[in-house]
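Listed here are the chains, written in short residue letters.
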Amino acid sequence: MTEKSGADILVEALCDLGVEVVFGYPGGAVLPIYDALFRSKRIRHILVRHEQAATHAAEGYARSTGKPGVVLVTSGPGATNAVTGITDALLDSIPMVVITGQVPTALIGSDAFQEADTVGITRHCSKHNYLVKDPARLGAVIHEAFHIATSGRPGPVVVDIPKDVQVATAGYAKPGPIQHKTYRPQIKADRAAIEQVVDMLAAAERPVLYTGGGVINSGPAASQLLQELAKITGAPVTSTLMGLGAYPASGPQWLGMLGMHGTYEANMAMNQADLVVAIGSRFDDRVTGRLDAFSPNSRKVHIDIDRSSINKTVRIDLPIVADAGHAMQDMIHVWKARQHPKPDIAEWLRRIEGWRARKCLDFPETGPNENNGEIMPQRAVRALYDATHRRQPIITTEVGQHQMWAAQHFGFDLPNKWLTSGGLGTMGYGLPAAIGAQLGNPNALVIDIAGEASIQMNIQELATATQYRLPVKVFILNNEYMGMVRQWQELTYESRYAESYSDSLPDFVKLAEAYGWKGIRIERPDQLEAGIAEMLAHDGPVMVDCMVAKLANCFPMIPSGAAHTDMILQANEVSGTMDDEAKALV
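Our focus in this paragraph is the overall build of the chain. Across its full length, the chain holds 23 helices and 22 strands. Taking 2.2 N^0.38 as the reference for a compact globule, 586 residues should give roughly 25 Å; the C-alpha atoms of the chain span a radius of gyration of 25 Å, in line with that estimate. Seen through its principal axes, the chain has C-alpha atoms that stretch 75 × 60 × 40 Å. Within the chain, the fraction of its 586 residues that count as buried is 59%. For the chain, the computed accessible surface area is about 23000 Å², with 50% contributed by carbon and sulfur atoms. Averaging the positions of the 52 positive and the 63 negative side-chain charges in the chain gives two centres separated by 5 Å.

So, about the domain arrangement of the chain. Each assigned domain of the chain is listed here: domain 1 (4-170), domain 2 (191-356) and domain 3 (377-554). Here domain 2 and domain 3 have C-alpha centroids that lie 31 Å from each other. Across the boundary between the two partners, domain 2 contributes 14 residues, which contact 18 residues of domain 3. With both chains or domains summed, domain 2 and domain 3 bury close to 1300 Å², and 65% of this area falls on carbon and sulfur atoms.

It is worth spelling out the packing of aromatic side chains at this point. The final tally for this structure, using the stated rule, is 10 aromatic pairs. Centroid distance Trp 348 to Trp 355: 5.8 Å. Interplanar angle 85°. Geometry classified as edge-to-face. Taken as a pair, Trp 348 and Trp 355 share a single burial class, namely buried. Seen in terms of ring centroids, Tyr 481 and Tyr 501 are 5.1 Å apart; in terms of plane orientation they differ by 75°. Their pairing is edge-to-face. Within this pair, whereas Tyr 481 is found in the loop between strand S18 (473-478) and helix H20 (483-492), its partner Tyr 501 is found in the loop between H20 and helix H21 (508-514), the two being separated by 20 residues in sequence. A network of ring pairs unites the aromatic residues Tyr 385, Phe 410, Phe 412 and Trp 418 as a single cluster. Sitting over the ring of Tyr 264, Arg 358 keeps its end group 4.9 Å from the ring centre. Positioned above the aromatic ring of Tyr 481, the side-chain terminus of Arg 486 is 5.8 Å from the ring centre.

For the rest of this paragraph, the subject is the sheet that holds strand S9 (residues 207-211). Adjacent strands of a sheet form backbone hydrogen bonds with each other and so pair up, either parallel or antiparallel. Ordered by their spatial adjacency, 6 strands build an open sheet running S11-S10-S9-S12-S13-S14, and the pairing between neighbours is parallel. Here the strands that pair on one side only, and so sit at the sheet edges, are strand S11 (254-257) and strand S14 (318-321). With direction set aside, neighbouring strand axes in the sheet form an average angle of 15°. The sheet contact formed by S9 and strand S10 (residues 237-239) spans 3 bridges and is parallel. Counterpart to Thr 211 in the pairing with S10 is Ser 239. Strands in contact with helix H9 (residues 191-203) are S9, strand S12 (275-279), strand S13 (299-304) and S14; relative to S14, the strand with the most contacts, it is inclined by about 130°.

Relative to each other, helix H1 (residues 6-16) and helix H2 (residues 31-40) sit at 55°, their axes nearing to 8 Å. When the axes of H1 and H2 are compared, the pair comes out oblique. Our pair here, H1 against H2, has a crossing hand that is right-handed. When H1 is examined against H2, the residues Ala 7, Asp 8, Leu 10, Val 11 and Cys 15 are found in contact with a partner set consisting of Pro 32, Ile 33, Ala 36, Leu 37, Arg 39 and Ser 40. Here the residues of the contact of H1 with H2 are counted per class, giving 8 nonpolar, 1 polar and 2 charged.

The rules behind these values
- Residues numbered from 1 in each chain as written.
- Predicted model: local features only at pLDDT ≥ 70, side-chain atom pairs only at ≥ 80, totals over all residues.
- Heavy atoms only, no water.
- Helix = DSSP H or I, 4+ residues; strand = E, 2+ residues; numbered from the N terminus.
- Rg over C-alpha atoms; globule rule 2.2 N^0.38 Å.
- Buried < 20%, exposed > 50% of the residue type's maximum accessible area, 1.4 Å probe, protein only.
- Areas by Shrake-Rupley, 256 points an atom, 1.4 Å probe, with all protein chains shown as cover.
- Lys, Arg positive; Asp, Glu negative; His and termini not counted.
- Charge placed at Lys NZ, Arg CZ, Asp CG, Glu CD.
- Domains from an automatic or database assignment.
- Contact = heavy atoms within 4.5 Å.
- Buried area = accessible area lost by both parts, 1.4 Å probe.
- Phe/Tyr/Trp six-rings, centres within 6.5 Å; stacked < 30°, edge-to-face > 60°.
- Lys NZ or Arg CZ within 6 Å of the ring centre and 35° of its normal.
- Pairing = 2+ DSSP bridges.
- Axes fitted to C-alpha atoms, helices over the stretch in contact; angles between N-to-C directions.
- Parallel < 35°, antiparallel > 145°, perpendicular 65-115°, else oblique.
- Left-handed = near helix turned anticlockwise from the far one by under 90°.
- Nonpolar A, V, L, I, M, F, W, Y, C, P; charged D, E, K, R; others polar.

Structure follows, in structure tokens:
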């Protein structure tokens, strides 16, 4: 066996694993790896302008392609700059392998230049991590890291490699199928549990399928299985923020997103259901609201590949540890084998239509300051949807009001088209995620719906898109505030807007042009459609600065600590109490 340097072993292992793209930023502790990449020329390296952006770009690539994202950063500040993206990927279950350089083995613990305890720092924000001290172990560790990152509940794995290990030599042979000693996630569900949930669905009078990102992580087939399961059982479908697109927004049983900024019909259906089947979702606090009032009269089934998520926050009547796709396939098979008829839940569906008639996503035509020249942000998102949805674009977002407006008003009919930071809520996610998605889907239309505050968190990545000729579009809903912060201050802190005004904003059109992008500004409602058309007609990267109503709030909204029945539907309009039919069921 020919011996190779640790850096060459790493590159060869990545090639054996099918890695095509690495997002990174060089530094002294990873120069041997960069030299190996330069000599190999088998992997495309994308030079970002900040290590946090490398992780978000890898997330966007992974989420939109189904392949693991790969990141390469140097030691010390390179690794610590990546921590935000690593944590983001952990909370949103994104498969990612982060390779970090480290000072030579003999200097570890000596406070050497650009040393940080990367393994210690990332222990609680990664799915697993390694410090590789033996070049002979490096190849096997890389293969194992990819296995852990992509199997079970996906997540980020960190591999820290000292510089002397990168230059030392050892043999390498591509290992066979990885069988970890202890990590063996359960893919198939218990047969008896599947039969039980099928019987529960057949008997339910008010069922709800509550789906999440786990359906999307299971692969494209899982989304098709979800549609079939909904069709044969008749159960309406709602979703978390991360699960949008798993069931088509145009589908007949779609309730919309549920939770803090979810639809009235989704939240009321969840509150009044007699059976909730959670598939690949984890009962996040933004979904449940007040726990003692969350779906109080339902039996709850939780299907999740992560055993630790079950019974973590909500008491479950029937736990099923399994991959979402496999579990739904088994449920469909059992349903058909038992020849269950489609349940008669007409009364339940009629009540849902009554809640839907509230039209909770309607919005005023003008801004709160009665200036008829203001563009309502919801209208801007709907105009963008109308102009692009036939092309099935990939939409990324930053974090804030614009993120929720995009989730509410941009309908997704396919999985892997909606990329957002759900669990961590990371400002600065959208632009690098769009870059990663564009690299993984070169022929797709990729749009980052942004806020003027969030976009500045990783604004330097405009240069990355320019360098690699990526036709990414950025659509800024510019209200000159950190909008979600301002909204909470208005509703909770008597409109004391402490530091939520975005002062000294740049001229985004000139800024875009400085980076080689096309810049467009939209200031009036009559410019909206033409401005979007101009953005779409340009074959390069475009930044649109769309000036929207400054004081528009994002509704519906469940106040913090409130129940699903206590939604604020619009300004000065609270859903208040349940309807009479709902009261009768309590």
